[in-house]
Structure formats: C-alpha cells, structure tokens
Amino acid sequence: MAKLWSGRFSEESSGLLDRFNASIGFDQKLWKYDIKGSKIHAKMLWNIGVLTEEEYQAILKGLDQIAQEIEEDVFVFKISDEDIHMSIETALTARIGDAGKKLHTARSRNDQVALDFRLYVLEHNQILQQKIAALIDVILELALAHTQTIMPGMTHLQHAQPISFGFHLVAWCASFKRDCERLYDSYERNNFLPLGAGAMAGTPYGNDREAMAKELGFKAPTLNAMDTVSERDFALDLLYDISMLLMHISRVAEELVLWSSYEFKFIALSDGYSTGSSIMPQKKNPDVPELLRGKSGRTFGNLMALLSVMKGLPLAYNKDTQEDKEGVFDSVETALISLDILKEVLSTMQIFPQNMLKMAKVGHLTATDLADFLVQKAKLPFREAHHLTGKIVAYADQKGVDISELEEKEILQVACLDISGIKGVLDLKNSMEARDSLGGTASKRVLEQIESLQKWLQRYQGLQNQGHQNNG
Ligand code: ARG
C-alpha cells in the first residue's frame, strides 16, 4: 500500500529503508496514548468546524474499535506503516473511510509523537513514585522494629561507631524519598501539552490548545511550538531520575550482598529470592541483589545515549529523535521490576540481630566515646584525648581484645589518669543512645525520623492524588 506521505514520490520505498526507518517495532507501546490524543484532537476539530458531528462520531468509534483489536492482539502492525501514528491512521481510514483522512488536519506527527511519548513518560513517572513510596513503607516497618538492634556502623567499610539497624534502614529511605521528590518535580516541570505545535510553527486552524490541555489533564499548553517538537527534556528528566534511583538501589543491593555473606551473616535472603549454583551444591547466591546492583548500568547508559542523540541537533524536529524511545522504555521497565523485587527481598529476608551485635563488639567501636569522655571528664583537649585513646586501642589490640572488654583499672593505667565512669561509655548501647543530636542514631531520634517519613508518605500520597491525577 502507498505510504501516507507518498504524494511527491514516484518510486516505492525499499524494504531496507522501511526496516531502517520504521519505529513501529517499538513505538507500538504508545498506542493507548496515540488513540487518547487522537480523540481529543478530533473533538477539537469538531469544535472548530473541521469535522461534522457524524465524522467526529465515526472517528471515535473507529478508534475504539482499533483499541479493542490491539488489546485483543488481533491488530496487525505493519512495518510499511512506519510508526504507531500512521498505523492507527491508516487502520482508521480503512475502517471508516473518508472521515479518517481528515483526522490529521492541524496536526503533525511531530507534535503527535511529542504528545504520545510525554503521556507515556508522565504516566510512568507516577507509577514509579507510587512504587518508591510502597518500598519506603516496607523499609520503615522494618526500621520501626529495629531501633534498638545494634550493629557496627562503618566508614571506609571499617568498623566506626555503633548504630541501630533501624538507623541504617532510615538512611536508605532518605535517599528514596529524594528519588520520589525528584520524580514529582520532573512531573510538574513537564506537565504541559505538546499537541497543537504542528510540524514546528503552530497551525493556521486556531486549535484550542487550552481546551485540549485541560481535557488531557495537563497544567497548560507548552509555550513555544518549535521548542515543543524538538525537545526531549521530559524524557531525559525521567532517565536521570531513574538513573539516580537505580544508583541508590545498587548501593542497597551491595549491602545486601555483603550482609548475606558468611563474613557478615547479618541477614539471610529468603529461598524464594535466592539462587543456587549449578556446580556447588552448598551455595545460596544473592543473584537478585547482584542483578539489582548491575541493572543501574543500563539505566546510566540509556541516559547517556539520549543525551548524545540530542546534543547538537538543530531546531526543530529531526528524525534522530526517534531514537529517544527504546532507552526510556528499557529504563522504565528496569526501574519498575527493580522496585518490585527489592521490596519483596526486603520483606522476606531474615535478620540476625545477634550477629550484628557480635560484630559490633569487635573493632573498638566505642573509641570515639572514650575520647569524648576524656574531653568531658579529664578536661583534655580533643586532640590529646584522641591520641590517648589511640594508645588504649593499641593496648587492647596487643591484648587481642576490644576496648569495651578492658578493665577500668587497665585503662587508667595506660592513660595515666585518675577518673571514674569509663566502663559506662564503652558500652555499645550507651554509645548508640548517646548520639542523640537531631538526625542521630539514638533510638528516640530514629523514631522521630521514622515518624517524619511516615508523615511525608501520607502527605505525599495525598498530594499525588490531588495534584497528579492526570493521564490516568
Ligand atoms: N516515528 C517518529 C518518531 O518517533 C514520529 C515522528 C516522525 N515525524 C517525521 N516528520 N518524520 O520520532
């Protein structure tokens, strides 16, 4: 069949060109948005007198029929139709005749694709926000149960100070909260209607863009037609937001890998979310967190790929832009399944507080407390207290014990001091509870953090319901 744009051509396009040029293989994912946009466009055409009532109704009916066929998997996507826009338009005209040929009045595929893709991006932005919120919810529940569970806090992956497991979990939530907010901001920034930009310069038909924006749930129409058909910032925003999210997920995943090793044994992943080895029968491998860690790579790649496609493009639309979709689809699907599976892994894993405590008892975790105590009680300058504590640590190392296991007498001897109360500060729990500055690991502070996140979650879900109820 002749192409919709074939008027000025005298030769058929080659099969090779079709294969190279077509996006239907992947942009068929946009069919729902294409039909939704076409319906609103048709309504606008009817309102401005381009379509009669019957034509408008025929278009609506034809589009519904096509939607049903696609849904039932009986619609045939043909490579010769090039993309989703022409597939649907061609099918419409085949079903309803001449009225179908009027649908593309006052519209270009350039603003059409900008609309479809933006609707996809915004809808998935919201789904991601909801899934992150659900993940935070699960982590907070765990955190609430572990505000007293002592574990070694680490810097440089070396034992540093005693913290609670709950505190560590809340730290994860803090980064996921930012991911959620970042998506929310992107949504707000990009919630504008591209349709009506035409090929690049607007249309001479008086398209009512305000009305279409309202009907499709956008805040308003975009500002400038030329920018509208050429920019893909909305997709890049999503790719960046997802990259950041997956980077955070990869850090959580790395900790799960470490913690489930024999060396740590802080947690055990459930059998349902672990895998075996094909040769070593004893093994239970953390493939899921490893994959979660690895998946971030492709999302960073997708971001880089689209940035590179867009760099240096002259205004306005260029076909290069067709390369925007696959990476976004891939990143979205990667992020969706990663969030789902991480939530499951966390809610089904076993936690071993005794092992955490055991590991907190090695590595002189309360050395800072001792130094602080020497500052307060012996009135030493911190540098001197630090130095002296270092000596006591060396002494304990020589003896092969943790400083918390030393007798007060021995410590005073090494330090050449005469003060009392040292044993109390070397206690892990006291040490953890002592860090009660705002945002610290003391249990009351962790509870505060959990409450604040829970409040944010509620408020956030509320905001999302009223603010972002578009595109549904
Ligand atoms: N398939 C194209 C894309 O994804 C649609 C827009 C094509 N416009 C054009 N003038 N060739 O970008």
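Sequence positions are assigned chain by chain, starting from 1 and proceeding in written order. Given that this is a predicted model, residues contribute local features only at a pLDDT of at least 70 and side-chain atom pairs are listed and counted only at 80 or more, while totals for whole chains, interfaces and linings are drawn from all residues. Side-chain metrics rest on all non-hydrogen atoms present in the structure, leaving aside hydrogens and water.

### Considering the nonpolar core
- The biggest cluster of nonpolar side chains holds 97 residues, and the ones touching the most others in it are Phe176 and Leu256.
- Considering each element in turn, this core owes the most residues, 15 residues, to helix α7 (residues 109-145).
- A contact between two residues is defined here by any heavy atoms of the two lying within 4.5 Å. Filtering out sequence-adjacent residues up to four positions away, Phe176 remains in contact with Ile132, Leu135, Ile136, Ile139, Leu245, His248, Ile249, Val252 and Leu342.
- With 19 residues, the next largest nonpolar core counts Phe373, Ala385, Leu406 and Ala415 among its residues. In this text, buried Ala, Val, Leu, Ile, Met, Phe, Trp, Tyr and Cys residues form a nonpolar core when linked through side-chain atoms within 4.5 Å. We call a residue buried when its accessible area falls under 20% of the maximum for its residue type, exposed when it is over 50%, and partly exposed in between, using a 1.4 Å probe and counting protein chains only. Here a strand is any run of E in DSSP of at least two residues, a helix any run of H or I of at least four, and the numbering for each starts at the N terminus.

### Remarks on the site of the ligand
- For each residue, the test is whether any non-hydrogen atom lies within 4 Å of the molecule or strand; if one does, the residue is near. Around the ligand, the structure places Ser23, Asp27, Asp83, His85, Arg109, Asn110, Val113, Tyr317, Gln322 and Lys325.
- Under the rule applied, a polar contact is a pair of N or O atoms within 3.5 Å (in protein, one hydrogen donor and one hydrogen acceptor; residues adjacent in sequence only if both atoms are side-chain atoms). Measuring from a nitrogen atom of the ligand, one finds a side-chain N or O atom of Ser23 at 3.0 Å.
- One of the side-chain nitrogen or oxygen atoms of Gln322 is found 2.7 Å away from a nitrogen atom of the ligand.
- Surface exposure here means Shrake-Rupley accessible area, sampled with a 1.4 Å probe, where a residue is shielded only by the protein chains that are shown. In the complex, the protein chains occlude 86% of the 340 Å² of accessible area that the ligand would expose alone.
- As a working rule, the residues Ala, Val, Leu, Ile, Met, Phe, Trp, Tyr, Cys and Pro are called nonpolar, Asp, Glu, Lys and Arg charged, and the rest polar, with Gly in that last group. A per-class count over the shell around the ligand returns 2 nonpolar, 4 polar and 4 charged.

### Let's talk about the pattern of salt bridges
- Just to be clear on terms, a salt bridge is a Lys or Arg side-chain nitrogen sitting within 4 Å of an Asp or Glu carboxyl oxygen. One pass over the full model with this rule turns up 27 salt bridges.
- Across the salt bridge formed by Asp179 and Arg182, the nearest N and O atoms sit 2.8 Å from each other. Here the residue Asp179 and the residue Arg182 both occupy positions in helix α8 (residues 165-190), the gap between them amounting to 3 residues, near one helical turn. You'll find Asp179 and Arg182 in the same group, each marked buried.
- Between Glu188 and Lys219 there is a salt bridge; the shortest N-O distance is 3.5 Å. Separated by 31 residues along the polypeptide, Glu188 in helix α8 and Lys219 in the loop between α9 (209-216) and β4 (220-221) bring together distant segments of the chain.
- A residue is classified by how much of its surface remains accessible, and Glu188, at 26% relative accessible area, is partly exposed.
- Sharing partners across several salt bridges, the network here consists of Glu82, Asp83, Arg109 and Lys319.

### As for helix α5 (residues 84-96)
- The terminal C-alpha atoms of α5 lie 18 Å apart, and with 13 residues this matches the ideal 18 Å at 1.5 Å per residue to within 8%.
- Burial of α5 is extensive: 10 of the 13 residues sit out of reach of the surface.
- What α5 keeps buried is the set Ile84, His85, Met86, Ser87, Ile88, Glu89, Thr90, Ala91, Leu92 and Thr93.
- Contacts made by the buried residues of α5 are with α2 (24-27), α3 (31-47), α4 (53-71), α6 (98-102) and α7.
- Just beyond α5, the residue with positive phi is Gly97, at close to 80°. Multiplying one less than the number of residues by 1.5 Å gives the expected span of a helix.

### Here we look at the packing of α3 against α9
- Viewed as axis vectors pointing N to C, α3 and α9 meet at an angle of 140°, and their least axial separation amounts to 10 Å. Relative to α9, the crossing made by α3 is right-handed. Of the residues in α9, those in contact with Lys36, Ile40, His41, Lys43 and Met44 of α3 are Met212, Glu215 and Leu216.
- Taken together, the residues of the contact of α3 with α9 break down into 4 nonpolar, 1 polar and 3 charged. Note on method: axes are straight lines fitted to C-alpha atoms, helices fitted across the in-contact stretch only, with angles between N-to-C directions ranging 0 to 180 degrees. A crossing counts as left-handed when the near helix is turned anticlockwise from the far one by less than a right angle, and as right-handed when that turn is clockwise.

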